[in-house]
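Chain by chain, the residues run as shown.
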Amino acid sequence: MTTGGNDRVSERIDDVESVAVVAFDRSLDTAAEIADELGGAEREVDVLEYHADVFADGWGTYDCFVGVMASGIAIRKVADLLEDKWTDPAVVVVDTGVTWAIPLVGGHHGGNRIARELAALGATPVVTTATETAEEPNAEPAVETRAAALNARIVTPDSTVATNSAALSGKLGPVVRIDGPRAVLVDDSVTVLERGAQTAGERDGVVIGTGCVSGAGAEAFLDAWRDALDRTQYGLEDVEFVATGTLKQDEEGLREAAAEFGVGVVTFDRETLLEHEGPTPSKSRELVGWPGIAESSAIAGGREGELLVEKTSYGGEVTVAIAR
């Protein structure tokens, strides 16, 4: 299987652990403001004064460059450095007034994420990657977005051209979970996502499985998820993602709540959920032929498939289960 020939493919697609903010002397105050906004406990941000080789000198060192400059300047300086989308750092340009944040390359690889973070300073993210701008009603999330939500790496990066094209036309479908040991034969249009083993001493994360009645609001989800987490030893920082069935994938309240929580949403199809059905009986089996979505999606999403909180109903609107 192709790995793109670089260890960076093994990382989460949109992880940005190091950023260089590049600016001319006259814009260093703006660069410092951007660095303060983007910096954090898990991200190193350096401010670099522009010189002719500033991008070349830092190429391969930083996950993302933010240039406070005209896009043409940045394009000319990085053009000869670009080799491959899976190895190149993301490059975002911002005007001196912090009005626009434009990912030039590496949109799915941290550029779009950084551009959206800069919205806190008033910048409008100019996102051009097709799977994140599509207005088609059937468009699905890009495979890079799914990998990030699953905290997984893409093992077959060359396949993403085909799978993202399918996502754009709404024909990719949900993630299929396969537990090993198994041997799987795929062609070059199948994107394989692999969730690596936890390192020694690293705490396992949890998955929130959730179902709902049609039209449930974001606050109902948030209240239910918080209450369910309070019943465990885990907190919001331990949530890997929210899982549900494709039956509920278009629920606006669910998507809004996940965004508020800062986690991705992963959907599983009916067949996958039937294979990971939980212990609590559900009327949905009789009514629509689906297992209880909260428990089955939590179990299907969890690394170990261990149910920590069985299905709990909140206000007759939202059901929640938690697994690891």
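Analysis parameters
Residues numbered from 1 in each chain as written. Predicted model: local features only at pLDDT ≥ 70, side-chain atom pairs only at ≥ 80, totals over all residues. Heavy atoms only, no water. Helix = DSSP H or I, 4+ residues; strand = E, 2+ residues; numbered from the N terminus. Buried < 20%, exposed > 50% of the residue type's maximum accessible area, 1.4 Å probe, protein only. Contact = heavy atoms within 4.5 Å. Areas by Shrake-Rupley, 256 points an atom, 1.4 Å probe, with all protein chains shown as cover. Pairing = 2+ DSSP bridges. Axes fitted to C-alpha atoms, helices over the stretch in contact; angles between N-to-C directions. Parallel < 35°, antiparallel > 145°, perpendicular 65-115°, else oblique. Left-handed = near helix turned anticlockwise from the far one by under 90°. Core = buried A, V, L, I, M, F, W, Y, C linked by side-chain atoms within 4.5 Å. Patch = residues over 30% accessible without salt bridge, like charges linked within 9 Å, V, L, I, M, F, W, Y side chains within 5 Å. Salt bridge = Lys/Arg side-chain N within 4 Å of Asp/Glu carboxyl O.

Helix and strand counts for the chain stand at twelve helices and 13 strands. Out of the 324 residues in the chain, the part that is buried amounts to 48%. If you take every contact in the chain between residues at least 6 apart in sequence, the share linking residues at least 24 apart comes to 67%. Just so you have it, the chain exposes about 15800 Å², and 46% of that area is on carbon and sulfur atoms.

Within a sheet, each strand pairs with its neighbour through backbone hydrogen bonds, oriented either parallel or antiparallel. Here six strands make up an open sheet; going across it, the order is β2-β1-β3-β4-β5-β6 and the pairing mixed. With partners counted over all chains shown, the strands left at the sheet margins are β2 (44–49) and β6 (124–125), one partner each. Relative to β2, strand β1 (residues 18–23) runs parallel, the two sharing six bridges. Residue pairing across strands places V21 opposite V47, the latter belonging to β2. Each of β1, β2, β3 (64–68) and β4 (90–94) touches helix α1 (residues 28–38); the most contacted strand, β2, lies at about 170° to it. Strands in contact with helix α4 (residues 107–117) are β1, β3, β4, β5 (100–105) and β6; relative to β5, the strand with the most contacts, it is inclined by about 175°.

Attention shifts here to the packing of helix α8 (residues 218–230) against helix α9 (residues 252–261). Taken N-terminus to C-terminus, the directions of α8 and α9 make an angle of 55°; their axes are 8 Å apart at the nearest point. It follows that α8 is oblique to α9 by the angle criterion. As α8 packs across α9, the resulting crossing turns out to be right-handed. Side by side, α8 and α9 meet where A218, F221, L222, W225, R226 and L229 of the first sit next to G253, L254, E256, A257, A258, E260 and F261 of the second.

Bringing the environment of G107 into the picture now. Here G107 lies in helix α4. Residues G107 and V91 lie 16 residues apart in sequence; the distance between their C-alpha atoms is 8.3 Å.

A few words now on the sheet that holds strand β9 (residues 206–212). Pairing is mixed in the open sheet, where five strands are placed in the order β11-β10-β9-β13-β12. Taken across any chain shown, the strands that pair with only one partner, and hence form the sheet edges, are β11 (264–268) and β12 (307–314). Neighbour to neighbour, the strand axes of the sheet diverge by 25° on average, direction disregarded. For β9 and strand β13 (residues 318–323), the ladder comprises six bridges, and the chain directions are antiparallel. By the bridge assignment, T210 is partnered in β13 with V320. Contacting β9, β10 (239–245), β12 and β13, α8 runs over the sheet at an angle of about 35° to β13. Running over the sheet, helix α12 (residues 293–301) touches β9, β10, β11, β12 and β13 and is turned about 155° from β9.

In terms of nonpolar packing, the biggest core is built from 26 residues, with I208, F221, W225, V318, V320 and I322 touching the most fellow members. No other element matches α8, which puts eight residues into this core. The residues contacting I322, other than those within four sequence positions of it, are V206, V207, I208, A228, L229, T232, A298, E306, L307, L308 and V309. Counting 21 residues, the second-largest nonpolar core is a separate cluster that includes A31, V68, V98 and A123.

What follows deals with a nonpolar patch on the surface. There is a patch of nonpolar side chains on the surface, built from V176, I178, V184, V186 and V190 and spanning about 380 Å² of accessible area. Of note, V176 is situated in the loop between α7 (160–168) and β8 (193–194). Classification of V176 as exposed rests on a relative accessible area of 53%.

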